[in-house]
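Here's the letter readout for the chains.
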Amino acid sequence: TLCTSLDPAADVCQQAVPALGGGDIDSKGGKSFIERGETATLHMTVTALKSYPTPRGDASGADLKNAHVVLALDSAGADHAKLASTDVTVGDVKAGQVVDVPVELTVDGDYECGTSLIVVAQLEADNAPTVTENYRLFPGYRTDFFEDFGTKGDSFSVNADGADGQ
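Residues numbered from 1 in each chain as written. Predicted model: local features only at pLDDT ≥ 70, side-chain atom pairs only at ≥ 80, totals over all residues. Heavy atoms only, no water.

Peer 1: Teacher, can you tell me more about the overall build of the protein chain here?
Peer 2: A tally of regular secondary structure across the protein chain gives zero helices and ten strands. Going from the N terminus to the C terminus, the protein chain shows its helices and strands as β-β-β-β-β-β-β-β-β-β. The long-range share in the protein chain, meaning contacts at least 24 apart out of those at least 6 apart in sequence, stands at 63%. Only carbon and sulfur atoms are counted for the fraction: they give 47% of the accessible area of the protein chain, which is about 10,100 Å². (Helix = DSSP H or I, 4+ residues; strand = E, 2+ residues; numbered from the N terminus. Contact = heavy atoms within 4.5 Å. Areas by Shrake-Rupley, 256 points an atom, 1.4 Å probe, with all protein chains shown as cover.)

Peer 1: Explanation requested: unusual backbone geometry in the structure shown.
Peer 2: Apart from glycine, the bulk of residues carry a negative phi angle, and the bulk of peptide bonds sit in the trans form. At Asn66, a residue that is not glycine, the phi angle is positive and equals roughly 55°. Within the secondary structure, Asn66 sits in strand β5 (residues 64-74). Notably, Ser75 is not glycine yet its phi reads approximately 90°, a positive angle. We classify Ser75 as partly exposed; its relative accessible area is 29%. (Buried < 20%, exposed > 50% of the residue type's maximum accessible area, 1.4 Å probe, protein only.)

Peer 1: What should I look at first to understand the sheet that holds strand β10 (residues 128-137) in this one?
Peer 2: The strands making up a sheet are joined through hydrogen bonds of the backbone, oriented either antiparallel or parallel. If you trace the four strands from one edge of the open sheet to the other, you get β7-β5-β9-β10, paired in antiparallel fashion. Of all strands in the sheet, those with a lone pairing partner are β7 (87-93) and β10, marking the two edges. Neighbour-to-neighbour, the strand axes of this sheet turn through a mean angle of 20°, independent of strand direction. With seven bridges connecting them, β5 and strand β9 (residues 117-125) associate as antiparallel partners. Within the sheet, the bridge partner assigned to Val69 lies in β9 and is Leu123. (Pairing = 2+ DSSP bridges. Axes fitted to C-alpha atoms, helices over the stretch in contact; angles between N-to-C directions.)

Peer 1: Could you clarify how one ought to interpret the nonpolar core in this entry?
Peer 2: In summary, soluble globular proteins display a tendency toward joint burial of nonpolar side chains. Grouped together as the largest cluster of nonpolar side chains are 34 residues, with contacts concentrated most on Met44, Val46, Leu64, Val69 and Leu71. Mapped onto this core, the elements with two or more residues apiece are β1 (18-26), β2 (39-48), β5, β6 (81-83), β7, β8 (98-107), β9 and β10. (Core = buried A, V, L, I, M, F, W, Y, C linked by side-chain atoms within 4.5 Å.)

Peer 1: Just to check I follow, could you spell out the sheet that holds β6 for this structure?
Peer 2: One open sheet accounts for four strands, arranged β1-β2-β8-β6; its pairing is antiparallel. Edge strands, defined here as strands with exactly one partner in the open sheet, are β1 and β6. Strand-to-strand twist in this sheet, taken as the mean axis angle between neighbours without regard to direction, amounts to 30°. As judged from the eight bridges shared by β1 and β2, these two strands associate in the antiparallel manner. When the sheet's bridge partners are listed, Gly22 is paired in β2 with Met44.

Put into structure tokens, the structure is as follows:
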């Protein structure tokens, strides 16, 4: 079938729409911390969108076929880190499915603290366009305190009425 337009009503013209996401880190130093001289796991997510917008309305997405993530290191820290693999097989991904893609990353013990490291990931599939995502990491830096200012349901609020002590 040759599709000349993406019509949401035409099942034969379903398009696979890939997406990369995630970015969580697991390591000995704790979540979101990469210790120099250690191996950590970066968790990416691969998704085949269940639907996508078109000028005629939302269309149903198709499954990704033979998906894999091609990886490379970039930035100033690239010479002091190593990926366990530069091509991670994901396989077929059903529309709406989210697949965790663990990527092992080893950082040299002499990695200069504060140096940026970028993991460049390209999601490729037989039936979809390539999607590129960059994951910027700072090995050796830890987040000691983080405040989300009330999004977790704590009692922090701004005094909106301007009355002191109320």
